[in-house]
Amino acid sequence: HALWMFQLLPQFQLHPDGVSFNTLLSACSSAGRWDMALRLFSSMRQEMIEADRISYNAAIDACAKAMQWQRALHFFHQME
């Protein structure tokens, strides 16, 4: 449901911000959708939204839950 609502934002002339991206990243992590979390993280950059510690932690958590250790470490090193 969170992804569906996120995709509707432009229809209402609303633009996603860091909070909405972080919320969705956390939802993806909780749902085990590490692949979607990585796509969203990439989308943040395309939207010119700077990732913060919450963004990185959600991406790391999503990767770790899926045993994607190399990807989790990649985000960890980017965060430093």
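What comes next concerns the included structure. (Residues numbered from 1 in each chain as written. Predicted model: local features only at pLDDT ≥ 70, side-chain atom pairs only at ≥ 80, totals over all residues. Heavy atoms only, no water.)

**Some remarks on helix α4 (residues 53-65)**
Note the following rule: Only runs of H or I of at least four residues qualify as helices and only runs of E of at least two qualify as strands under DSSP, and these elements are numbered from the N terminus. What a helix should span is 1.5 Å times the count of its residues minus one. Remark: exposure states derive from per-residue accessible area (1.4 Å probe, protein chains only) relative to the maximum for the residue type, with buried under 20%, exposed over 50%, and partly exposed in between. Any pair of residues with heavy atoms lying within 4.5 Å of one another is described as a contacting pair. Here a polar contact is recorded for every N or O atom pair within 3.5 Å, except that within protein the pair must consist of a potential hydrogen donor and a potential acceptor, and residues adjacent in sequence are included only if both atoms are side-chain atoms.
The terminal C-alpha atoms of α4, which comprises 13 residues, lie 18 Å apart, in line with the 18 Å expected from a rise of 1.5 Å per residue. Those residues of α4 lying buried are Ser55, Tyr56, Ala58, Ala59, Ile60, Ala62 and Cys63. Close packing links the buried residues of α4 with α2 (18-30), α3 (34-46) and α5 (69-79). If you check the start of α4, you find a side-chain oxygen 3.1 Å away from the backbone N of Ile54, and it comes from Asp52. Two residues or fewer past α4, Met67 is found with a positive phi of approximately 60 degrees.

**A few points about the packing of aromatic side chains**
The line we're drawing: What counts as a ring pair is set by centres within 6.5 Å for rings of Phe, Tyr and Trp (its six-membered ring), and what kind of pair is set by the plane angle: stacked under 30 degrees, edge-to-face over 60, tilted for all other angles.
Applying the stated criterion across every chain yields a total of 3 aromatic pairs. Aromatic pair Phe41 and Phe75: ring centres 4.8 Å apart, planes at 75 degrees, arrangement edge-to-face. With Phe41 in helix α3 and Phe75 in helix α5, this residue pair connects regions lying 34 residues apart in the sequence. Ring geometry for Tyr56 and Phe75: centres 6.5 Å apart, planes at 65 degrees, overall edge-to-face. You can see Tyr56 sitting in helix α4 and its partner Phe75 sitting in helix α5, a full 19 residues away along the chain. Neither residue differs from the other here; Tyr56 and Phe75 are each classed as buried. Three or more aromatic residues joined by ring pairs make a cluster, and in this case those are Phe41, Tyr56 and Phe75.

**So, the pattern of salt bridges**
Condition: What makes a salt bridge here is a side-chain nitrogen of Lys or Arg within 4 Å of a carboxyl oxygen of Asp or Glu, nothing more.
By the definition in use, this model includes 2 salt bridges. The partner of Asp35 in a salt bridge is Arg33, and the shortest N-O contact between them spans 3.4 Å. On the basis of relative accessible area, Arg33 is assigned to the partly exposed category, the value being 37%. A salt bridge links Lys65 to Asp61, with the shortest nitrogen-to-oxygen separation between them at 3.2 Å. Of the two residues, Lys65 and Asp61 both sit in helix α4, 4 residues apart, roughly one turn of that helix. Overall, the relative accessible area of 32% leaves Asp61 in the partly exposed class.

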